[in-house]
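So the chains spell out like this:
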Amino acid sequence: MKKHLVLLASVFVALGVTLGLAACGPNEEELIREQVAAEFDRVSDASEENVRGLLGDETFTSLQDQGLDPVAIYSALFGKFTYEITDVSIEDDVAQVSLTVTNVDIASAVAGYEASVTEWAGSDDAVYTFDQEGQEGIEREVTRMLYETLTNPDLATKTGDVTIELRRGEDGVWVPANEAQVTLALFAGADVSGLL
């Protein structure tokens, strides 16, 4: 189960590092808004090309190797993603971007997955699967449970207010001060690091 959650974590990390903004000129606040909007608008695009581009070929292939459909998982995780930029403030080389985000309640989804795996692990079916197929059969079943959890169209949503801090580098490019803040923003403030 831990291996599958680590792969899921790689999805979050890959998304968290995509935000890099070049903004300069007389109205940097507006340019930052436009760039953040452009990056966050990409999040809801579940085309294979976009998903592969956001995750990178290695993560995309790793998920496929585990018997998971990266596009289906991505669609389930971000199909309900909406956001509103509520404020941008800039002081020297630091910008604070405040957003209200709605997305799937990933903490509940992962908790449900873990509960399903724990319940199944104590069942006669798990014993039979292990006797017949060994560790490979167990991993196949756990993968199936993860896939069903993440692609469930009835995943609950949550809304939260989040802030991303950006810092301007010497090259004038605004980048997240902490990629974990971007991941928090993607999931409406849910700290996915504690889920893994």
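Cut-off values and rules
Residues numbered from 1 in each chain as written. Predicted model: local features only at pLDDT ≥ 70, side-chain atom pairs only at ≥ 80, totals over all residues. Heavy atoms only, no water. Phe/Tyr/Trp six-rings, centres within 6.5 Å; stacked < 30°, edge-to-face > 60°. Helix = DSSP H or I, 4+ residues; strand = E, 2+ residues; numbered from the N terminus. Buried < 20%, exposed > 50% of the residue type's maximum accessible area, 1.4 Å probe, protein only. Salt bridge = Lys/Arg side-chain N within 4 Å of Asp/Glu carboxyl O.

Looking at the packing of aromatic side chains
A full pass over the atoms with the stated rule returns six aromatic pairs. Ring centres of Y74 and F78 lie 4.8 Å apart, and the angle between their planes is 40°; this geometry places the pair in the tilted category. Taken together, the positions of Y74 and F78, both in helix α5 (residues 70-78) and four residues apart, correspond to about one turn of that helix. When its relative accessible area of 2% is taken as the criterion, Y74 is described as buried. For F78, a relative accessible area of 1% gives the class buried. Put simply, the rings of F40, Y74, F78, F81, Y83 and F187 pair up and form one aromatic cluster.

Concerning the pattern of salt bridges
Evaluation of the coordinates by the stated rule reveals 11 salt bridges. Notably, a salt bridge pairs D93 with R168, separated by 2.9 Å at the nearest N-O pair. Residue D93 is found in the loop between β2 (82-91) and β3 (94-104), and its partner R168 is found in strand β4 (residues 157-168); the two are separated by 75 residues along the sequence. Overall, D93 belongs to the partly exposed group, its relative accessible area being 40%. The partner of E141 in a salt bridge is R144, with the nearest N and O atoms 2.3 Å apart. Within this pair, E141 and its partner R144 are both found in helix α7 (residues 124-150), separated by three residues, close to a single helical turn. On the basis of relative accessible area, E141 is assigned to the buried category, the value being 10%. Overall, R144 belongs to the partly exposed group, its relative accessible area being 34%. Salt bridges sharing partners connect three or more residues here, namely E133, R140, E141, R144 and E148.

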